[in-house]
Amino acid sequence: MTQLNHPVTVLKGVGEKRQAALQTLGITTVGDLMAYYPFRYDDIQEKNLLEIQDQEKVVLKGTVISDAVVTHYGYRKSRLVFRMMIEQAVVNVTFFNQPFLKKQISLSEDIAVFGKWDARRRALTGMKIIASKEGELSDFAPIYHVNKHVRQSTLVDLIRQAFAEYGAGIEENLPQWLLEKYRLMPKGQAMFAMHFPQTNDENRLARRRLVFEEFFLFQLRMALLKQEETATAFGNAILYDVERLKQFTRQLPFELTAAQKRVINEICGDMRRPNHMHRLLQGDVGSGKTVVAAVSLYAAVTAGYQGALMVPTEILAEQHAESLQQLFEPFEVQTALLTSSTKAAEKKQILAGLENGSINVVVGTHSLIQSDVLFHRLGLVITDEQHRFGVNQRKILREKGDNPDVLFMTATPIPRTLAITAYGEMDVSIIDELPAGRIPVETRWIRPKQVDTVLEWMRKELRQGSQAYVICPLIEESEALDVKNATEIYEHLRAFFLPEFAVSLLHGKMKPQEKEAVMQSFKDNETQVLVSTTVIEVGVNVPNATIMMIMDADRFGLAQLHQLRGRVGRGDKASYCILVANPKGETGQERMTIMTETTDGFVLSEKDLEMRGPGDFFGSKQSGLPEFRVGDMMADAVILETARKEAFTLCQETNWQKQPANRLLAEAVASLAEQQTYLD
Ligand SMILES: Nc1ncnc2c1ncn2[C@@H]1O[C@H](COP(=O)(O)OP(=O)(O)OP(=O)(O)O)[C@@H](O)[C@H]1O
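Notes on the structure follow. Going along each chain's sequence as written, the residues are numbered from 1 onward. Where totals are concerned, whole chains, interfaces and linings use all residues; where local detail is concerned, this predicted model gives features only for residues with pLDDT of at least 70, and gives and counts side-chain atom pairs only at 80 or more.

**What about the overall build of the chain?**
To keep it simple, the criterion reads: A helix here means a DSSP run of H or I that spans at least four residues, while a strand means a run of E at least two residues long, and both kinds are numbered starting from the N terminus. The burial criterion counts other C-beta atoms lying within 10 Å of a residue's C-beta, which is placed from the backbone; the residue is buried at 20 or more, exposed at 12 or fewer, and partly exposed between these limits. Any pair of residues counts as being in contact when their C-beta atoms, constructed from backbone geometry, are within 7 Å of one another.
Within the chain, the regular secondary structure consists of 22 helices and 21 strands. Dimensions of the chain along its principal axes, counting C-alpha atoms only, are 95 × 65 × 40 Å. Classification of the 680 residues of the chain by burial places 41% in the buried group. In the chain, of all internal contacts separated by at least 6 residues, the share reaching a separation of at least 24 is 73%.

Below is the structure:
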C-alpha cells in the first residue's frame, strides 16, 4: 500500500469526527484529499482601491496594522474590527458575528480578505478570510466545494499538510516519453499546483497535465476493451457470397448512395474477418440505414447464418419486418416478426423456426432477448436506436448463439467528442449523405395564435393528397395529462377537418394492437392527419406524409425535434415542418431559430451538445458517459483527441503492459476498469 492510500486519520487534527466529515465529501485517504481539486480560485491580485466600485465584492490583500477588537451587542451579535494597510492606504475591516476569526488575525502579518467594498467610507465588510498565514499568500486562493461539515480553511490546512508529509509519495504514472513529447508537468508538481498555483500559467499547465492523464487512461481502457471485443478467438468469419450480394443490391428500387456503399463495405469487411464486429453505424434521419441493415443481414444469410434486427418499439419492428420481407421475398429469405404481442401459437412456430434454422432473419423488440429464444446459427445482430437499449440487454443479445457480430445503428448523429467517449471502444461508420433528389424540409416557427391560419393552409395541402403528423409533447410528470392534452388537440382537429379528412390519435397508453391499427390506417392513407405523442419519434417511414406540425416545440431538445422532423421529407415531394411555440427563455428561442436555419443533423447535434452539455445530450442515464474529474470533453476536445491517438497507438504494441516503464500505467487502467462497471 502506498502512503497515499493511508486513511486521512494519519494527518494531524483528523480524528473520527473529522474523518466522518471528510467522508461526506468523498475523501477517505490522503490521496483523495490531494486529488480533491478546487473548482475555482479567488484571484487576489492587488487592486487599486480607487478602481473598486462601491458595493463590489473583492479580495483585498494587505498587512494587519491593529489588533482585532470584538464588541458584542444586542442578542448574540458581535462586531470584529481591525485595520489593514494596503499600499499606502489604511482600510477598516469589519466582520459581523464571526468573533472566532480573531485568532486568525495577528498584528504585522499579511492577510487577504474577501468582502464588500464601501467606497465612501473606504472600508470593507469582510465575508471571509482567504489566507492569513505566511506562505499561503499566492495570488490565487483555491475555493473548494464544501458542505456544512467541513470548512474551506480546514480543507486547505489538511491539503497543505498532506502534500508536506506525503507529497513525495506521488508516483509518476505516465511514461517519460509521453511527458517529453507533450511537455507534460510531472504528476506530483501538477497535483500541487492545482491547489496552490503561483501563476495563472502554472495552473493551466497543471490542469492540462491532469486532463491528459485522465483522458489517456480512459482511452487506454477503451482500446483494451476494443481489443477484447474484437479478439479473433470470439468471432465468426462470415464468408458471404459476393455474387448473390451484388444481385441483391442490383434489384433494389434505387441506386445506393456512395455513403451507403462505403459503410456496407466496412460492415462486410468486419463480417468476413474472423474477429468479432463491434461497430456503430451513425446516419442522419432518412439517410437510408434500413437498407444498409438489409444488405448486411442478407450477407449473413448467404453465408448460412441467421440475422436478427432488434428495435425499441413494436411499431418500428412491424415496419422493418414489412420492408425486409418485401426486399427479401424474391431471394427466398424467410423473415419473421417477434414482439410481445405475437400470438402464442405463432410464437411457438417462430421459436421452432429459429431453432431449426428455417427462419433466416428475425425482427423484434425486447422479446428477442428472452431466454426461450434460441437460434440455430446466429451470425449477425443489428440493434436500431442503440442508446434506448440498456447495456445489459445488448450484452445478452450478443451472447446469444455463437458470439454473433454486432452492429449498432443510431439516427442521432453523435458529435465526435462524445462518440469517442461514450462508444470509444467501437468502430464507427457514418452515412453522411442523403439519397439524391431529397428536397430539404422547409421549417417555420409560428406562435400558437397563428395555428388556425396554418390549419387552413394544411387543409389545402391535404387536398393535394398529402398527409400530416401533429405532435403533442410528452408531459413527463403526468402521463394522464399527456393523453388529455393529445386528446384535446385531436378533438380540435377533428372538428376542423371532418368530414373531408380523417383524423386519428396515437399515444403511449394505447394497447399495441390499437397502435398498430392506427399506424396501419395512416400508412394506407385511410387517415390523413395523425395526432400523436412522441411515440412516433424514431424510425417511422410514411413517405406520403409531408407535413409535420409540432405543438409546444420548445419543450423538445434539438435532437428530438430533428428526429421528428425526419418523419417528413422522406419521399420526393416538398415537405414542411411547423414548430408551434411561444418560448419564454432565450435558449428556447435559440433552439427554434436554429431549427429553421439548418436540416443537417450533425450541425444540430453539435449545437445541442453545446447548449445542453454532455450530461444531458443523450437525455437518459443509460448514456454510458463517464464523469471526468478534471477533464471537460467539450473544452478539452483537443487533448481528448491527442490522448486517444496515443492510447490506441500504445495499445498496438504487444505486451506494453509488461514493460517496466508502463507498470503504473497498466495498474491505473486496471483499477479504472474496476470502477467502470457500466461498460459491462
Ligand atoms: N439510396 C437511396 N436512394 C433513394 N431512396 C433511398 C435510398 N436509400 C434509402 N432510401 C429510401 O429513403 C427512405 C428512408 O430510408 P430509411 O428508412 O432506411 O432511413 P433511416 O436512415 O432508417 O432513417 P430514420 O432514422 O429516419 O428512420 C426510405 O423510404 C428508403 O426506401
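Further notes follow.
**With respect to the site of the ligand**
Definition in use: As used in this record, a residue near a molecule or strand is one whose C-beta atom, placed from the backbone, is within 6 Å of it. Residue type decides the class: Asp, Glu, Lys and Arg count as charged, Ala, Val, Leu, Ile, Met, Phe, Trp, Tyr, Cys and Pro as nonpolar, and the leftover types, Gly among them, as polar. Domain start and end points were adopted from an automatic or database domain assignment.
Residues in close proximity to the ligand total 19 residues, the closest being G288, K289, T290, A411 and P435. Here the shell around the ligand gets 3 residues from one element, more than from any other, and that element is helix α9 (residues 289-302). For the shell around the ligand, the per-class residue count stands at 7 nonpolar, 10 polar and 2 charged. Domain assignment of the residues forming the shell around the ligand places at least three in each of domain 3 (242-431) and domain 4 (442-598).

**Brief notes about the sheet that holds strand β15 (residues 427-431)**
Just so we agree on the cut-off: Being paired, for any two strands, means DSSP has found at least two bridges between them. Note on geometry: axes are lines fitted to C-alpha atoms, helical ones only across the stretch in contact, with angles between N-to-C directions running from 0 to 180 degrees.
Spatially, 7 strands are ordered β11-β12-β10-β13-β14-β9-β15 in an open sheet, and the strand pairing comes out parallel. A single partner strand is all that each edge strand has here, and the edge strands are β11 (335-338) and β15. Going across the sheet, the axis of each strand differs from the next one's by a mean of 20°, ignoring polarity. Looking at chain direction, strand β10 (residues 306-310) and strand β13 (residues 378-384) are connected through 5 bridges and run parallel. What sits directly across from M310, in β13, is T383.

**As for unusual backbone geometry**
The linkage connecting L498 with the following residue, P499, adopts the cis geometry, with an omega of 0°. Topologically, P499 is positioned in the loop between α15 (479-497) and β18 (503-506).

**Points about the sheet that holds strand β20 (residues 545-550)**
One open sheet accounts for 6 strands, arranged β16-β21-β20-β17-β19-β18; its pairing is parallel. Edge strands, defined here as strands with exactly one partner in the open sheet, are β16 (442-446) and β18. With direction set aside, neighbouring strand axes in the sheet form an average angle of 20°. By the bridge criterion, 5 bridges tie strand β17 (residues 467-471) to β20 in an arrangement that is parallel.

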